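# Residue-level structural notes
These are the residues of each chain, in order.
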Amino acid sequence: MKVLAIDDSRTIRDMVRLTLEREGIETTLAEDGVHGIETLEALDPKPDAILTDVNMPRLDGFGFIESVRARDEFAGIPILVLTTENARELKQRARAAGATGWIVKPFDPARLVGALRTVTGLT
């Protein structure tokens, strides 16, 4: 499985990469939504799933999700939001933008990996 993880916090990016790579999941990192789109466009093959934070500079998670969902070649990639936010209206906004699911930080490593396996159908 290949995952693109986008977060403006280096600590979170490192924790996500460590968690996923420990499970044999290839992880590519990006620092914000703009970098996430640039990275996604450059990846070949495309990732099996995307993790994105909500609150980021340059382009937030909602804008990133909307940009990805506007492009046919990325339409089938599941997107999980990984954020400290837990407000219902933000979850609804993410779903409306095209997010597949929502995980609250700090994340439980087993739950994060399980969610990725569930949305991708991969082990």
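This structure is a prediction, so every number in the text was calculated from the model and none was measured. (Residues numbered from 1 in each chain as written. Predicted model: local features only at pLDDT ≥ 70, side-chain atom pairs only at ≥ 80, totals over all residues. Heavy atoms only, no water.)

## Details of the sheet that holds strand β3 (residues 49-52)
With parallel pairing, five strands are arranged side by side in an open sheet as β2-β1-β3-β4-β5. Two strands in the sheet have a free side with no partner beyond their single neighbour: β2 (26-30) and β5 (101-104). With direction set aside, neighbouring strand axes in the sheet form an average angle of 20°. Summarising the sheet, strand β1 (residues 2-6) and β2 pair through five bridges and their orientation is parallel. Bridging across to β2, Val3 finds its partner in Thr27. Strands β1, β3, β4 (79-83) and β5 of the sheet are contacted by helix α5 (residues 109-120), whose axis makes an angle of about 140° with β3. (Pairing = 2+ DSSP bridges. Helix = DSSP H or I, 4+ residues; strand = E, 2+ residues; numbered from the N terminus. Axes fitted to C-alpha atoms, helices over the stretch in contact; angles between N-to-C directions. Contact = heavy atoms within 4.5 Å.)

## Description of the packing of helix α2 (residues 33-42) against helix α3 (residues 61-69)
Where α2 meets α3, the closest approach of the two axes is 9 Å, and the angle between their N-to-C directions is 25°. On the basis of the axis angle, α2 is roughly parallel to α3. In this structure, α2 meets α3 at a crossing whose hand is right-handed. The segment α2 lies against α3, with Gly33, Gly36, Ile37 and Leu40 engaging Phe64, Ser67 and Val68. (Parallel < 35°, antiparallel > 145°, perpendicular 65-115°, else oblique. Left-handed = near helix turned anticlockwise from the far one by under 90°.)

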